[in-house]
Amino acid sequence: NTFLPRGKALQAGNTIRLPEMAAFLRKFAVEGSAYVYSGDWGKRFITVVQAKGGRLTTKDLAAYRVKWCAPWTITYRGYEVHASSGRSYAGPWTLLALKAFEHARVAGQHYSMNAEALEQMIRIARQVWSEPFLLDYRRLDDPQLVQSRLTSGYAETIFEKVRSKAPAHPIEGLASHSYPIVVRDAQGNIASGTTTIQAEPWGAGIFVQGIPLPSSGSIPWYTKPGERRLSPFCILLALQNGHPRFSGNTISNSVGEAAFQLLVNLIDYNMSVRDAVSSPRFGTFPYGDDPVKQPLRLDRNWLDPRVDEKIVDVLEANGIKTEQKGIIDTGMGAILSMKEKQLSEGNTVPVPYVSDPFGYPPNE
């Protein structure tokens, strides 16, 4: 009814009208969140869900509470960097990777053209993935513990492993996404967020007063009763001299690696946003031959095919295996760059490089 009125697609100049959504927004403006959790919409929502076999009750809605969490924060080369906290692991992952890289010497050439620098960054990423606290919601709920990991001293122990080329044993349990959104208004207020694959815009084709209901039914098989799901969100804000300089967030399988490299590109290599998002990057671990029995190949990383084969050969000789065929996921996202009160530049990260679309696991 909305996008194909009378069976025909909308044309340029047509007006989209959402009367049910408008009615919902008017009610929401008057009654606030109570309209959703205890009011008329909430009751209609429960009726629809239960009619479809869902188990939600009015008590579930009434018991819901928003939990506000202070972001994790580090200093990095003169910047103050904030990242998403709570039950999200990619935020502290990125900050820890940055703190480890702070002990490195930045190469003159971009790391995608320097085998030593690229190997160093990949080893940092692998060592950070070896930190078990990142995927343990009980530890992420302990601010003192997490903040103790985001220190220069702790990061130095990680970089020593990188320097000595110590083997890494990454923990499993990675997830994928989503849509990144970054906005800034005329007053300089910034909002950065992600809507993930569990909140797909069309939902499950079920609507309550124009609001689509997502299925949100994909829960990792290793999630036990009573455990809270972890989110891989990575929402970032970097300040310089107290003023917002970069804001953004990343998505896809390589959510942490993308955030880490984008900030290194912007801060260490002083790139424009356009160059920062489009320069060759490495990603996280590619899928195995059998995505069910071997969901991740922890012995190698995705690598942009534009990286020269001579550099790949050096990596291989030093024990760093990479995957440059099929789906090459080096992460996606969006970045805003700001100078004082003026919006300087904004850009989205291009979609993953695909050299062989038929090489993707059939069940993905």
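In this convention, every chain numbers its residues from 1, walking through the sequence in written order. It should be noted that, the model being predicted, local features are given only for residues of pLDDT at least 70 and side-chain atom pairs only at 80 or more, the latter also being counted only at that level, while totals for whole chains, interfaces and linings use all residues. Where side-chain values are given, they derive from all heavy atoms of the structure, hydrogens and water being excluded.

Novice: Explain the side chain of Ser252 to me, please; I cannot follow it from the model alone.
Specialist: We count a stretch as a helix when DSSP gives it H or I for four or more residues in a row; a strand needs E for two or more, and each element gets its number in order from the N terminus. The residue Ser252 is located in the loop between strand S8 (243-251) and helix H10 (255-268) in this model. Separated by 2.6 Å, the side chains of Ser252 and Asp329 make a polar contact. Polar contacts, as counted here, are pairs of nitrogen or oxygen atoms within 3.5 Å of one another; within protein the pair requires one atom able to donate a hydrogen and one able to accept it, and residues that are adjacent in sequence qualify only if both atoms are side-chain atoms.

Novice: Just checking my understanding: could you explain helix H3 (residues 40-51) for this structure?
Specialist: Turn by turn, an α-helix covers 3.6 residues, leaving residues three or four places apart pointing in a common direction. Helix span is expected to be 1.5 Å times the residue number reduced by one. An ideal rise of 1.5 Å per residue puts 16 Å on 12 residues; H3 measures up with 17 Å between its terminal C-alpha atoms. Only protein chains enter the accessibility calculation, which uses a 1.4 Å probe. A residue is then buried if its area is under 20% of the maximum for its type, exposed if over 50%, and partly exposed in between. All buried positions along H3 are accounted for by Trp41, Gly42, Phe45, Ile46 and Val49. Take H3 and look down its axis: the buried residues cluster within an arc of 135°, on one side only. Seen from the buried face of H3, the exposed residues on the opposite side, beyond 90 degrees, are Lys43, Thr47 and Ala51. Whether two residues touch is decided by their heavy atoms; if any such pair falls within 4.5 Å, the residues are in contact. Those residues of H3 hidden inside the fold are in contact with helix H1 (19-31), helix H2 (34-37), helix H4 (58-63), strand S5 (207-208) and strand S6 (211-212). In the segment just after H3, Gly53 is the residue with positive phi, at about 95°. Arc, as used here, means the arc of the directions from the helix axis to the C-beta atoms.

Novice: Mind showing me how you'd approach the environment of Thr322 here?
Specialist: Within the fold, Thr322 resides in strand S10 (residues 321-323). Exposure remark for Thr322: the relative accessible area of 12% places this residue in the buried category. Along the primary structure Thr322 and Asp304 are separated by 18 residues, whereas in three dimensions their C-alpha atoms are 9.4 Å apart.

Novice: Sorry, what's going on with a nonpolar patch on the surface here?
Specialist: Residues Phe3, Leu4, Ile16 and Leu18 make up a contiguous nonpolar surface patch of about 370 Å² in total accessible area. If you trace the backbone, Phe3 turns up in the segment before H1. Patches here are clusters of residues that have more than 30% relative accessible area and form no salt bridge, with a 9 Å joining cutoff for like charges and a 5 Å cutoff for nonpolar side chains (Val, Leu, Ile, Met, Phe, Trp, Tyr). With residues, only the protein chains shown are counted as cover, and all accessible areas are computed by Shrake-Rupley using a 1.4 Å probe. Whenever a carboxyl oxygen of Asp or Glu lies within 4 Å of a side-chain nitrogen of Lys or Arg, that contact is scored as a salt bridge.

Novice: What should I look at first to understand the packing of helix H6 (residues 115-128) against helix H12 (residues 309-317) in this one?
Specialist: Packed helix pairs are specified by the crossing angle of their axes together with the interaxial distance, meaning the distance between the axes. Between H6 and H12, the shortest axis-to-axis distance is 9 Å and the interhelical angle comes to 55°. What the angle tells us is that H6 and H12 run oblique. The handedness of the crossing between H6 and H12 is right-handed. On the side of H6, the interface is formed by Ala115, Leu118, Glu119 and Ile122, while H12 contributes Ile311, Val314 and Leu315. Fitted lines through C-alpha atoms serve as axes, helices being fitted only where they are in contact, and the angles separating the N-to-C directions of these axes extend from 0 to 180 degrees. Note on terminology: angles under 35 degrees are roughly parallel, angles over 145 are roughly antiparallel, angles of 65 to 115 are roughly perpendicular, and the others are oblique. Handedness of a crossing follows from how the near helix is turned relative to the far one, being left-handed for an anticlockwise turn of less than a right angle and right-handed for a clockwise one.

Novice: Would you explain the pairing of S8 in this entry?
Specialist: Within a regular strand, the side chains alternate between the two sheet faces. Burial within S8 is extensive, with seven of its nine residues counted as buried. Note that strand S7 (residues 234-240) and S8 share seven bridges and pair antiparallel. Paired with Cys234 across the bridge in S8 is Thr250. Strand pairing is assigned whenever DSSP detects at least two bridges linking the two strands. In this structure, S8 lies alongside strand S12 (residues 332-339), joined through six bridges in antiparallel fashion. By the bridge assignment for S12, Thr250 is matched with Gly333.

Novice: Which parts of the structure should I look at to understand the environment of Asp60?
Specialist: Assignment of secondary structure puts Asp60 in helix H4. For Asp60 and Ile46, which are 14 residues apart along the polypeptide, the C-alpha to C-alpha distance reads 9.8 Å.

Novice: What am I meant to see in the confidence of the model for the protein here?
Specialist: Do not read the predicted coordinates in detail wherever pLDDT is low. Scored from 0 to 100, pLDDT reflects the predictor's confidence in each residue. Looking at the protein as a whole, its pLDDT mean stands at 87, while 86% of the residues score no less than 70. Every residue in residues 357-364 scores below 50 in pLDDT, and together they form eight contacts with partners more than four places removed in sequence or on other chains.

Novice: Is there a simple way to explain the pattern of salt bridges in this structure?
Specialist: Where charged atoms from two side chains of opposite charge come close, those side chains can pair. Counted under the stated rule, the structure contains 13 salt bridges. The closest approach of N and O atoms between Asp304 and Arg306, which form a salt bridge, is 2.9 Å. Judged by relative accessible area, Asp304 falls into the buried class, the value being 6%. Here the residues in one salt-bridge network are Glu119, Arg123 and Lys165, joined through shared partners.

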